[in-house]
Each structure stands twice: as structure tokens, then as C-alpha cells.
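Commentary on secondary and tertiary structure
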Amino acid sequence: QVQLEESGGGLVQAGGSLRLSCAASRSLFSFNAIAWYRQAPGQERDMVASITSGGIPKYADSVKGRFTISRDNGKNMVYLQMNSLKPDDTAIYYCNLRRSALVYWGQGTQVTVSS
């Protein structure tokens with residue numbers, strides 16, 4: 001039905017930047033909300049950024065001012081621009097799309113920030 005392909009993860013030095021991408025198999029207009037989550041080893045999966053269908057972004061306090069979520073409706077793409085990265089940002093990052101009660105997840109992409 002809906003497939004999400006994530007890319008952009010990797011190893012980066014502290015203070016560096018990285019952009020994650022999420023390619024959706026269907027139009028982003030089909031979804032009510034889009035978000036990025038992350039999960040560190042031994043931790044719960046937590047939301048770091050979200051954007052509504054109206055384009056209103058929200059961020060977790062831990063990433064506010066450093067991360068930016070955006071979308072390109074024409075390309076069915078969702079992005080997470082991550083700046084000023086620090087070791088605490090190390091986690092697997094997941095793309096999340098929602099439509100009413102339906103929820104879709106990507107496979108996740110590993111982000112590792114070295115000190």
C-alpha cells in the first residue's frame with residue numbers, strides 16, 4: 001500500500017550537519033501529519049519533529065533550533081535537516097506518516113554523531 005524509503009543517515013562529527021530524506025510511494029496530500037522519530041539503544045522511540053497538512057512544524061525541545069522538518073509535495077518527499085549535531089543525537093531515525101487511524105513507518109536510518 002504505502003512504502004517509505006529513508007536515506008541520508010551515516011556518521012558525522014559533532015557540530016556537523018546531515019539531511020535525512022523520506023520518499024513516499026503516494027501523494028503527501030493523502031496524510032494528515034508527517035513526523036520524524038528517533039530511537040537510541042535502550043530508549044523509547046520519541047518524536048523529534050512533525051508537520052501538519054497546513055505546514056505548521058513542531059519540534060521536541062531537545063532539537064528545537066537545530067532541526068528543521070520540511071516536505072516537497074510535488075516529489076512526495078519529506079526531509080529532516082539536522083544542524084549542530086551532538087553525540088546525544090545518535091539514534092535510528094524513522095519517517096512516520098499518518099492518515100486518521102492509519103500509521104506508516106519507514107525502516108529507519110542510523111545516525112551516529114562522533115565527539
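What comes next concerns the included structure. (Residues numbered from 1 in each chain as written. Predicted model: local features only at pLDDT ≥ 70, side-chain atom pairs only at ≥ 80, totals over all residues. Heavy atoms only, no water.)

Right, let's get into the overall build of the protein. When helices and strands are counted, the protein shows zero helices and eleven strands. The order of α-helices and β-strands along the protein, N terminus first, is β-β-β-β-β-β-β-β-β-β-β. Along the first, second and third principal axes, the C-alpha set of the protein runs to 40 × 25 × 25 Å. For the protein, the proportion of its 115 residues judged to be buried stands at 39%. Sequence-distant contacts in the protein: of pairs separated by 6 or more residues, those separated by 24 or more amount to 54%. Between the mean site of the 12 positive side-chain charges and the mean site of the 8 negative ones, the protein shows a separation of 7 Å. (Helix = DSSP H or I, 4+ residues; strand = E, 2+ residues; numbered from the N terminus. Buried < 20%, exposed > 50% of the residue type's maximum accessible area, 1.4 Å probe, protein only. Contact = heavy atoms within 4.5 Å. Lys, Arg positive; Asp, Glu negative; His and termini not counted. Charge placed at Lys NZ, Arg CZ, Asp CG, Glu CD.)

Spatial ordering of the open sheet is given by 1-3-8-7, a layout of four strands whose pairing is antiparallel. Whereas interior strands pair on both sides, the edge strands pair on one side only; in this sheet they are strand 1 (4–7) and strand 7 (67–72). Ignoring which end each strand starts from, the neighbouring axes of this sheet average 15° apart. As paired elements, strand 3 (residues 18–24) and strand 8 (residues 77–82) share six bridges and run antiparallel to each other. For L20, the partnering residue across the bridge sits in strand 8 and is L80. (Pairing = 2+ DSSP bridges. Axes fitted to C-alpha atoms, helices over the stretch in contact; angles between N-to-C directions.)

Turning our attention to the side chain of S50. Along the chain, S50 falls in strand 5 (residues 46–52). Residue contacts for S50: discarding those within four places in its chain leaves I34, A35, I56, P57, K58 and I69.

Ranked by size, the top nonpolar core spans 28 residues in total, and within it L4, L20, W36, L80, M82, Y93 and L97 carry the most contacts. Put simply, the parts of the chain that give this core at least two residues each are strand 3, strand 4 (33–39), strand 5, strand 7, strand 8, strand 9 (91–99) and strand 11 (109–114). The residues touching L4, leaving out its near neighbours within four places in the chain, are C22, A23, A24, C95, L97, Y104, W105 and G106. (Core = buried A, V, L, I, M, F, W, Y, C linked by side-chain atoms within 4.5 Å.)

So, about the pairing of strand 7. Remember that side chains alternate between the two faces of the sheet whenever the strand is regular. As paired strands, strand 7 and strand 8 are joined by six bridges and run antiparallel to one another. Along strand 8, the bridge assignment pairs F67 with M82. The loop that links strand 7 with its antiparallel partner strand 8 comprises four residues; one of these, N76, has a positive phi angle of about 55°.

This next bit is on the side chain of D89. Structurally, the position occupied by D89 is in the loop between strand 8 and strand 9. Setting aside its immediate chain neighbours within four residues, D89 contacts R38, R66, F67, S84, V111 and V113.

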